[in-house]
Amino acid sequence: GAVVSQHPSWVICKSGTSVKIECRSLDFQATTMFWYRQFPKQSLMLMATSNEGSKATYEQGVEKDKFLINHASLTLSTLTVTSAHPEDSSFYICSALRTGSSHQPQHFGDGTRLSIL
Amino acid sequence: DAKTTQPTSMDCAEGRAANLPCNHSTISGNEYVYWYRQIHSQGPQYIIHGLKNNETNEMASLIITEDRKSSTLILPHATLRDTAVYYCIVLGGGADGLTFGKGTHLIIQP
């Protein structure tokens, strides 16, 4: 159990367009999901914490108006990169935390590789 | 959350046990030690976690020193597919995001 599906796996689009990435917990409910970003040859960096039914909490330096997060159900969180530019090209990864659990691991999706031309 | 220190890279022969150390000398009493790995171009994979007792699952064993200031992840019979970056992360309770350091790049040699 504990499978997290992320879609799409990769996307290429023109500068100025918006891109939506979905993160689903397939076999468990997740009150809390997380969004990370990873640039080449670097470690994952936490962007934001997404809680079902409430506003996301963003890490310092992450623009909340650029990276829109919606967590409308216990199994789905979405990240929308608005008006994407080449510097937003990165590997975006989500993780999900099983509802009601403490000291349990986060389970990660396989990531979305975003390339902005 | 406490900071961790890991070697940048390690080599291990296929079929041998891979022992990956992690130093977390500032760990506090309620913080757990988690291990994840990331195979190239994939999302991180959870391996194991523990508080103070040694833990074992189907993937690995986790040995935590009595003073909890360091731990070792053991992959008992490494295979080529275990080549990855391994992250040791210390985390308290609650729903907090993970802070990834540079990890250890483990290379399994045939």
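The structure under discussion appears in the preceding block.
Residues numbered from 1 in each chain as written. Chains lettered and ligands numbered in written order. Predicted model: local features only at pLDDT ≥ 70, side-chain atom pairs only at ≥ 80, totals over all residues. Heavy atoms only, no water.

Quick look at the state of the cysteines
Then comes step 1: Applying the stated criterion across every chain yields a total of two disulfides over all chains.
Then comes step 2: In this model, Cys22(B) is linked to Cys88(B) through a disulfide, with the two sulfur atoms separated by 2.1 Å. Disulfide Cys22(B)-Cys88(B): the torsion about the S-S bond is -80°, which places it as left-handed. In this pair, Cys22(B) is assigned in strand β2 (residues 18-23) and Cys88(B) in strand β8 (residues 84-91), connecting sequence segments 66 residues apart. Taken as a pair, Cys22(B) and Cys88(B) share a single burial class, namely buried.
Then comes step 3: The thiol of Cys13(A) is unpaired, and the distance to the nearest cysteine sulfur, on Cys94(A), comes to 18 Å.
Then comes step 4: Not part of a disulfide, Cys12(B) finds its nearest cysteine sulfur in Cys22(B), a span of 18 Å. (Disulfide = S-S within 2.5 Å. Helix = DSSP H or I, 4+ residues; strand = E, 2+ residues; numbered from the N terminus. Buried < 20%, exposed > 50% of the residue type's maximum accessible area, 1.4 Å probe, protein only.)

Remarks on the nonpolar core
Then comes step 1: Of all hydrophobic cores here, the largest spans 25 residues; its most connected members are Trp35(A), Phe67(A), Leu79(A), Tyr92(A) and Leu114(A).
Then comes step 2: At the level of secondary structure, the elements contributing two or more residues to this core comprise β2 (10-13), β3 (19-25), β4 (32-38), β5 (45-51), β7 (67-73), β8 (76-81), β9 (90-97) and β11 (112-116) of chain A.
Then comes step 3: Setting aside residues no more than four positions away along its own chain, Phe67(A) makes contact with Arg37(A), Met47(A), Tyr58(A), Val62(A), Leu79(A), Thr80(A), Val81(A), Asp88(A) and Tyr92(A).
Then comes step 4: Counting residues in hydrophobic clusters, the runner-up holds 21 residues, among them Val33(B), Leu75(B), Ala78(B) and Cys88(B). (Core = buried A, V, L, I, M, F, W, Y, C linked by side-chain atoms within 4.5 Å. Contact = heavy atoms within 4.5 Å.)

Describing the sheet that holds strand β5 (residues 55-56) of chain B
All names here are of chain B.
Then comes step 1: Overall, antiparallel pairing links the four strands, which are arranged β2-β7-β6-β5 in an open sheet. Edge positions in the open sheet fall to β2 and β5, since each of these has one partner strand only.
Then comes step 2: In this sheet, strand β6 (residues 61-64) lies alongside β5 in antiparallel orientation, the contact comprising two bridges. Among the inter-strand pairings, threonine 56 is bridged to a residue of β6, identified as serine 61. (Pairing = 2+ DSSP bridges.)

A few points about the packing of aromatic side chains
Then comes step 1: Per the counting criterion, the structure on display carries ten aromatic pairs over all chains.
Then comes step 2: For the pair Tyr36(B) and Tyr46(B), a centre-to-centre distance of 5.8 Å together with 70° between the ring planes defines the contact as edge-to-face. Highlighted residues: Tyr36(B) in strand β3 (residues 32-38) and Tyr46(B) in strand β4 (residues 45-50), separated in sequence by ten residues.
Then comes step 3: For Tyr36(B), a relative accessible area of 0% translates into the label buried.
Then comes step 4: By way of ring pairs, the aromatic residues Phe34(A), Tyr36(A), Phe108(A), Tyr36(B), Tyr46(B), Tyr87(B) and Phe100(B) are connected into one cluster.
Then comes step 5: If you follow Arg113(A) out to its NZ or CZ, it ends over the ring of Phe91(A), 4.3 Å from the centre. (Phe/Tyr/Trp six-rings, centres within 6.5 Å; stacked < 30°, edge-to-face > 60°. Lys NZ or Arg CZ within 6 Å of the ring centre and 35° of its normal.)

A closer look at the interface of chain A and chain B
Then comes step 1: If you look at the interface, chain A gives 18 residues, while chain B gives 21 residues.
Then comes step 2: Carbon and sulfur atoms make up 57% of the area that chain A and chain B hide from each other, which totals about 1,500 Å².
Then comes step 3: When the buried area of chain A at its contact with chain B is split by residue, Leu44(A), His103(A) and Phe108(A) rank highest and sum to 36% of it.
Then comes step 4: Run the count over chain A and chain B and you get zero salt bridges.
Then comes step 5: Summed over the shared surface of chain A and chain B, the result is seven residue pairs in polar contact (both at pLDDT 80 or more).
Then comes step 6: When contributions to the side of chain A that touches chain B are tallied by element, the ones reaching two or more residues are β4 and β9 of chain A.
Then comes step 7: Of the residues forming the side of chain A that touches chain B, the biggest block, four residues, is contributed by β4(A).
Then comes step 8: Along the lines of polarity and charge, the residues of the side of chain A that touches chain B split into nine nonpolar, seven polar and two charged. (Buried area = accessible area lost by both parts, 1.4 Å probe. Salt bridge = Lys/Arg side-chain N within 4 Å of Asp/Glu carboxyl O. Polar contact = N/O pair within 3.5 Å; in protein donor to acceptor, adjacent residues only side chain to side chain. Nonpolar A, V, L, I, M, F, W, Y, C, P; charged D, E, K, R; others polar.)

Some thoughts on the environment of Ile27(B)
Then comes step 1: Inspection of the secondary structure puts Ile27(B) in the loop between β2 and β3.
Then comes step 2: Along the backbone, Ile27(B) and Lys69(B) are 42 residues apart, and their C-alpha atoms lie at a distance of 6.6 Å.

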